[in-house]
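Structure assessment
Spelled out from the first residue to the last, the chains are:
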Amino acid sequence: MKIATFNVNGINGRLAVLLRWLEEARPDAVCLQELKAPDARFPIRAIEQAGYGAIWHGQKSWNGVAILALGREPIETRRGLPGDPDDEQARYIEAAVEGLLIGCLYLPNGNPAPGAKFDAKRRWFARLAAHAAELLALDVPVILAGDYNVMPTELDVYKPERWVDDALFRPEVRAAFHALIAQGWTDALRARHPDARLYTFWDYLRHAFARDAGLRLDHLLLSPKLAPRLSAAGVDRAVRSWEKASDHAPAWIELAPARAARRRKPAG
DNA sequence: ATGTCGTTTTGTAAACGA
């Protein structure tokens with residue numbers, strides 16, 4: 001089973017890119033972020049014609065998240081992150097797909113830092129951690145995928161010293177990410193590629209992609225029940241080079257069938 | 001600072017957020 005996350009940066013402006021990638025990659029489930037469209041303008045017909053069922057949580061101009069499932073309808077379990085009734089930004093949606101609970105998230109950018117936006121990012125992160133802990137307590141297979149707007153370590157930044165004061169890399173935000181991991185989650189791409197420079201985002205400015213001046217911002221976190229099934233992970237870098245590309249590339253994982261996880265190798 | 005996208009609108013150019 002292949003599961004991907006992709007910040008599309010405008011689902012209507014990038015529809016041709018999304019459809020081409022769906023056709024080529026054929027992921028079984030997809031988390032999308034930055035739809036930048038209200039619910040009524042989600043291109044559900046084109047998505048269905050590509051073979052996918054979908055649920056979405058849209059918003060005019062900004063944010064917006066969706067979950068796609070190949071050949072089936074995702075069963076929505078949550079819309080919006082709990083913990084703040086005044087939060088009206090469309091940044092979280094959750095669904096059951098093929099026995100898997102999938103949380104799709106778009107964490108606030110938080111710039112400029114310090115400031116009100118940075119404080120809001122930290123509060124949203126705290127709410128995510130609280131909800132993530134509740135998901136772990138369910139003791140079911142869970143994946144939390146999306147644009148976390150965090151580079152977890154220096155290996156995830158083309159030039160770390162330039163980013164130390166940025167909301168995407170400040171110590172408070174990295175600490176929040178590592179505290180989340182410490183709950184028991186597995187950062188799937190890093191688990192499969194411990195030493196590789198893997199980026200999922202390249203700025204439109206200053207020919208960042210041509211220079212490979214990238215950041216790893218998009219992450220797939222696996223619950224303990226799911227982590228043993230991780231068989232492959234990667235980034236579809238080429239998508240970033242396509243015409244009218246998003247500034248993010250899709251990140252993906254492959255999971256072995258559930259029964260394979262029960263086979264244990266002898267210790268040692 | 002740089003400078004590039006998609007989006008929206010007291011709209012076809014400028015602002016905003018990323």
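No experiment lies behind these values; they were computed from the predicted model shown.

To continue, consider the sheet that holds strand 5 (residues 75-79). Within the open sheet, the six strands sit side by side as 5-6-7-8-12-9. Their pairing is mixed. The open sheet has two edge strands, strand 5 and strand 9 (186-187), and neither has a second partner. Two elements, strand 6 (residues 92-97) and strand 7 (residues 100-106), share six bridges in a ladder whose sense is antiparallel. By the bridge assignment, Ile93 is partnered in strand 7 with Cys104. Sheet contacts for helix 3 (residues 116-137): strand 5, strand 6, strand 7 and strand 8 (142-147); angle to strand 6, the most-contacted strand, approximately 20°.

What follows is about the packing of helix 3 against helix 4 (residues 171-182). It is at 10 Å that the axes of helix 3 and helix 4 come closest, and there the two elements cross at 5°. One way to sum up the angle between helix 3 and helix 4 is to call them roughly parallel. Contacts between helix 3 and helix 4 involve Phe118, Lys121, Arg122, Phe125, Leu128, Ala129 and Ala132 from the former and Glu172, Val173, Ala176, Phe177 and Leu180 from the latter. When the residues that make up the contact of helix 3 with helix 4 are grouped by side-chain class, the tally is nine nonpolar, no polar and three charged.

Let us look at the protein's contact with DNA strand B. Around DNA strand B, the structure places 18 residues, and the nearest of them are Arg14, Lys60, Ser61, Leu205 and Arg206. A share of 71% of the atoms of DNA strand B within 4 Å of the protein falls on sugar and phosphate groups. Within the backbone of Gly13, a nitrogen or oxygen atom sits 3.5 Å from a phosphate oxygen of DNA strand B. In this structure, a base nitrogen belonging to DNA strand B sits 3.1 Å away from a side-chain N or O atom of Arg162. Considered class by class, the residues forming the surface near DNA strand B number four nonpolar, five polar and nine charged.

Turning our attention to the nonpolar core. For soluble globular proteins, nonpolar side chains are generally found buried alongside one another. If you look at the biggest cluster of nonpolar residues, it comprises 33 residues, and the most contacted ones within it are Ile3, Ile102, Ile143, Leu189, Leu220, Leu222 and Ile253. Sorting elements by how many residues they give to this core places strand 7 first, with four residues. Among residues more than four places away in sequence, those in contact with Ile3 are Ala29, Leu100, Ile143, Leu220, Ala251, Trp252, Ile253 and Leu255. With 24 residues, the next largest nonpolar core counts Val8, Ile11, Ile47 and Leu68 among its residues.

Another aspect to go through is the UniProt feature "domain: Endonuclease/exonuclease/phosphatase" (unreviewed entry) in chain A. Under the UniProt annotation, "domain: Endonuclease/exonuclease/phosphatase" (unreviewed entry) lies at residues 4-248. With 23% helix and 25% strand, the stretch residues 4-248 has end C-alpha atoms that lie 12 Å from each other.

Spatial ordering of the open sheet is given by 3-4-2-1-14-13, a layout of six strands whose pairing is mixed. Looking at the sheet topology across the chains shown, the edges are occupied by strand 3 (52-57) and strand 13 (230-235). Here the average twist between neighbouring strands, direction ignored, is 15°. In this structure, strand 13 lies alongside strand 14 (residues 251-255), joined through five bridges in antiparallel fashion. Its bridge partner lying in strand 14, Val235 is registered against Ala251.

Here we come to helix 3. One turn of an α-helix holds 3.6 residues; hence residues three or four places apart share an orientation. Compared with an ideal rise of 1.5 Å per residue, which puts 22 residues at 32 Å, helix 3 spans 32 Å between its outermost C-alpha atoms and is within 8% of the ideal. Those residues of helix 3 lying buried are Phe118, Lys121, Trp124, Phe125, Arg127, Leu128, His131, Ala132 and Leu135. On its buried side, helix 3 packs onto strand 5, strand 6, strand 7, strand 8 and helix 4. Remark: Asp139 follows helix 3 within two positions and exhibits a positive phi of approximately 60°.

As a further point, take the side chain of Arg216. In this fold, Arg216 is placed in the loop between strand 11 (214-215) and strand 12 (218-222). Within the structure, Arg216 has its side chain in polar contact with the side chain of Asp156 (distance 2.7 Å). Within the structure, Arg216 has its side chain in polar contact with the side chain of Asp187 (distance 2.8 Å). Other than its neighbours up to four places away in sequence, Arg216 contacts Val150, Met151, Pro152, Asp156, Asp187, Leu189, Arg190, Leu198, Tyr199 and Thr200.

The rules behind the values
- Residues numbered from 1 in each chain as written.
- Chains lettered and ligands numbered in written order.
- Predicted model: local features only at pLDDT ≥ 70, side-chain atom pairs only at ≥ 80, totals over all residues.
- Heavy atoms only, no water.
- Pairing = 2+ DSSP bridges.
- Helix = DSSP H or I, 4+ residues; strand = E, 2+ residues; numbered from the N terminus.
- Contact = heavy atoms within 4.5 Å.
- Axes fitted to C-alpha atoms, helices over the stretch in contact; angles between N-to-C directions.
- Parallel < 35°, antiparallel > 145°, perpendicular 65-115°, else oblique.
- Nonpolar A, V, L, I, M, F, W, Y, C, P; charged D, E, K, R; others polar.
- Near = heavy atom within 4 Å.
- Polar contact = N/O pair within 3.5 Å; in protein donor to acceptor, adjacent residues only side chain to side chain.
- Core = buried A, V, L, I, M, F, W, Y, C linked by side-chain atoms within 4.5 Å.
- Buried < 20%, exposed > 50% of the residue type's maximum accessible area, 1.4 Å probe, protein only.
- UniProt positions renumbered as here; feature names shortened; annotations may be inferred.
- Expected span 1.5 Å × (residues − 1).

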